[in-house]
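Structure at a glance
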Amino acid sequence: MGVTKEQVESSLKAKLSPSHLEVSDTSGGCGASFVVEIVSEQFDGKRLLERHRMVNAALEEEMKEIHALSIKKTLTPEQWKQQQEFNQSNSAA
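Thresholds, definitions, all that
Residues numbered from 1 in each chain as written. Predicted model: local features only at pLDDT ≥ 70, side-chain atom pairs only at ≥ 80, totals over all residues. Heavy atoms only, no water. UniProt positions renumbered as here; feature names shortened; annotations may be inferred. Salt bridge = Lys/Arg side-chain N within 4 Å of Asp/Glu carboxyl O. Helix = DSSP H or I, 4+ residues; strand = E, 2+ residues; numbered from the N terminus. Buried < 20%, exposed > 50% of the residue type's maximum accessible area, 1.4 Å probe, protein only. Core = buried A, V, L, I, M, F, W, Y, C linked by side-chain atoms within 4.5 Å. Contact = heavy atoms within 4.5 Å. Pairing = 2+ DSSP bridges. Axes fitted to C-alpha atoms, helices over the stretch in contact; angles between N-to-C directions.

Within an unreviewed UniProt entry, the label attached to the chain reads Protein BOLA2, and the organism entered is Flemingia macrophylla. In UniProt, the chain has this text filed under Sequence similarities (unreviewed entry): "Belongs to the BolA/IbaG family."

Written out as structure tokens, the structure is:
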């Protein structure tokens, strides 16, 4: 069996200490494809490419078995808060 969603979550939590983390297994359960949305203070001051590299580095061992990793969002807590407020104000309109 390949990598599990729980393994991906565990590695990201241990290495990036996210305040928000969503991991979806899009491979149908075989552990070959995941979508990640992560919010971490460690992304503060980093460009998008640096953030994605940090996620890939955190999953170094898992990436040996993962065929596709889609990093949907890599945000700082402040960016996440702003996005949530924006979404709430738009849904209220």
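Observations regarding the pattern of salt bridges
Any two side chains of opposite charge can pair if their charged atoms end up close together. Scanning all chains against the criterion turns up three salt bridges. We note a salt bridge from K5 to E9, for which the minimum N-O separation is 3.8 Å. Of this pair, K5 and E9 both sit in helix α1 (residues 5-16), four residues apart, roughly one helical turn. Judged by relative accessible area, which is 18%, E9 ranks as buried.

Structural notes on the nonpolar core
Grouped together as the largest cluster of nonpolar side chains are 16 residues, with contacts concentrated most on V8, L12, L16, V23, V36, I38 and V55. Put simply, the parts of the chain that give this core at least two residues each are α1, β1 (20-25), β2 (33-39) and α2 (48-58). With residues near it in sequence (within four places) discarded, V8 still touches V3, V23, F34, V36, L59 and I66.

Remarks on the sheet that holds β1
The three strands are arranged β1-β2-β3 in an open sheet whose pairing can be described as mixed. Single-partner strands in this sheet number two, and they are β1 and β3 (68-75). Each strand axis lies, on average, 10 degrees off the axis of its neighbour in the sheet, ignoring direction. Two elements, β1 and β2, share six bridges in a ladder whose sense is antiparallel. For V23, the partnering residue across the bridge sits in β2 and is V36. Running at roughly 85 degrees to β3, helix α3 (residues 77-92) makes contact with β1, β2 and β3 of the sheet.

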